[in-house]
Amino acid sequence: MKKNRYAAAVLLAGSLWGFMGFFRRSLDGMGVSAAGCIAVRCVFATLLFGVTILCTDRKAFRIKLRDLWIFFGSGVLSLFTFGVCYFKAMDYMSLSAAAILLYTAPCFVILMSAPLFGEKLGVRKLSAMLLAFAGCCLTSGIASGAELSGIGIVFGLASGICYALYSIFGRFAINRDYGTFTINFYSCLLAALAAVIFDGGSFAAPICASLQDFAFAAATGLVTCYLPYLLYTYGLSGLSNGKASIMASIEPVVATLVGVTVYSEKLSLAGGLGIALVLSAIVLLNLRSKKNEETENLGA
């Protein structure tokens, strides 16, 4: 039952990330740049995590200086750099091509976690990874032919690697006994500082234009950063990096459904098949037998 809670947390995190396109489009309409969008997400999430720690356990603010590199990695190298690379990839290629390159992340997580943390690859995990990747390809529309460019591929792959690094640095933090709130507070804080410097603070004027715009910006931080990273980090504490990363592939499925329901985008046959493949990968990961349970516990 406890494993089920961890899995549910990761699935819910991925589902919330699936709404990022909706918030990104809305912020863009308000005149917020790509870097500004990252700043909005991380600034409000930092405030929310800070308030949460103040109200629950103020000792969670304590970190060791020798561990600062971990939070720099999860915040600047992952949260901030992933966002910049992803948005830059969109400038050079179609959204579908950028999205599928982003979702090479589970592959990088699995490949890095094996030597760093001794996580076992296993036929089941590799099969689920291939199913999820194929599903993301179909869901993103790349199967129908997407425009590619050399510089776009570089940015897209970089976004996937940086996206994967959150699981890696998050695992380092968990192994050093840092709690979920601590990990997320400092990750978001450092990402917010980097984004504000990069954006130059230009995001402030658009989101403060009205109370409604400010509330929407706060909701962006809550829905696309605070809650999903809180849930994902909690899930990491009970699941292997590879399994958590593959399960988070539910994000493009939700993003597709948001596009269909909110923006009246058409769901193609390939897209429907892609959703089925991603869901199949998640089911495969959660099929349990006594032997699988023992093997997973050894590799987690």
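Everything discussed here concerns the structure shown above.
This structure is a prediction, so every number in the text was calculated from the model and none was measured. (Residues numbered from 1 in each chain as written. Predicted model: local features only at pLDDT ≥ 70, side-chain atom pairs only at ≥ 80, totals over all residues. Heavy atoms only, no water.)

**Things to note about helix 6 (residues 105–117)**
Here's step 1: The end-to-end C-alpha distance of helix 6 is 17 Å, a good match for the 18 Å that 13 residues give at a rise of 1.5 Å each.
Here's step 2: Three or more residues of helix 6 are buried, namely Ala105, Pro106, Val109, Ile110, Ser113 and Phe117. In a view along the axis of helix 6, the buried residues occupy a sector of 130°, so they form one face of it. Residues of helix 6 that are exposed and point over 90 degrees away from its buried face: Leu111 and Pro115.
Here's step 3: Within two residues after helix 6, Gly118 carries a phi angle of roughly 70°, on the positive side. (Helix = DSSP H or I, 4+ residues; strand = E, 2+ residues; numbered from the N terminus. Expected span 1.5 Å × (residues − 1). Buried < 20%, exposed > 50% of the residue type's maximum accessible area, 1.4 Å probe, protein only. Arc of directions from axis to C-beta.)

**Regarding the environment of Phe216**
Here's step 1: By the element assignment, Phe216 lies in helix 11 (residues 211–236).
Here's step 2: For the pair Phe216 and Ser26, spaced 190 residues apart in sequence, the C-alpha separation works out to 8.9 Å.
Here's step 3: Residues in contact with Phe216, not counting those within four places in the same chain, are Phe22, Phe23, Ser26, Leu27 and Met30. (Contact = heavy atoms within 4.5 Å.)

**Here's the deal with unusual backbone geometry**
Here's step 1: Positive phi, close to 70°, is recorded for Asp177, a residue that is not glycine.
Here's step 2: Here Asp177 lies in the loop between helix 8 (150–175) and helix 9 (180–199).
Here's step 3: Judged by its relative accessible area of 72%, Asp177 is exposed.

**Focus: the packing of helix 9 against helix 11**
Here's step 1: Relative orientation of the contacting elements helix 9 and helix 11 amounts to 135°, with a least axis distance of 9 Å. Here helix 9 lies oblique to helix 11, going by the angle between them. Crossing handedness for the pair helix 9 and helix 11: right-handed. Counted together, Thr180, Phe181, Ile183, Asn184 and Cys188 of helix 9 and Cys225, Tyr229, Leu230, Thr233 and Tyr234 of helix 11 form the full contact between these two elements.
Here's step 2: Tallied by class, the residues present in the contact of helix 9 with helix 11 amount to seven nonpolar, three polar and no charged. (Axes fitted to C-alpha atoms, helices over the stretch in contact; angles between N-to-C directions. Parallel < 35°, antiparallel > 145°, perpendicular 65-115°, else oblique. Left-handed = near helix turned anticlockwise from the far one by under 90°. Nonpolar A, V, L, I, M, F, W, Y, C, P; charged D, E, K, R; others polar.)

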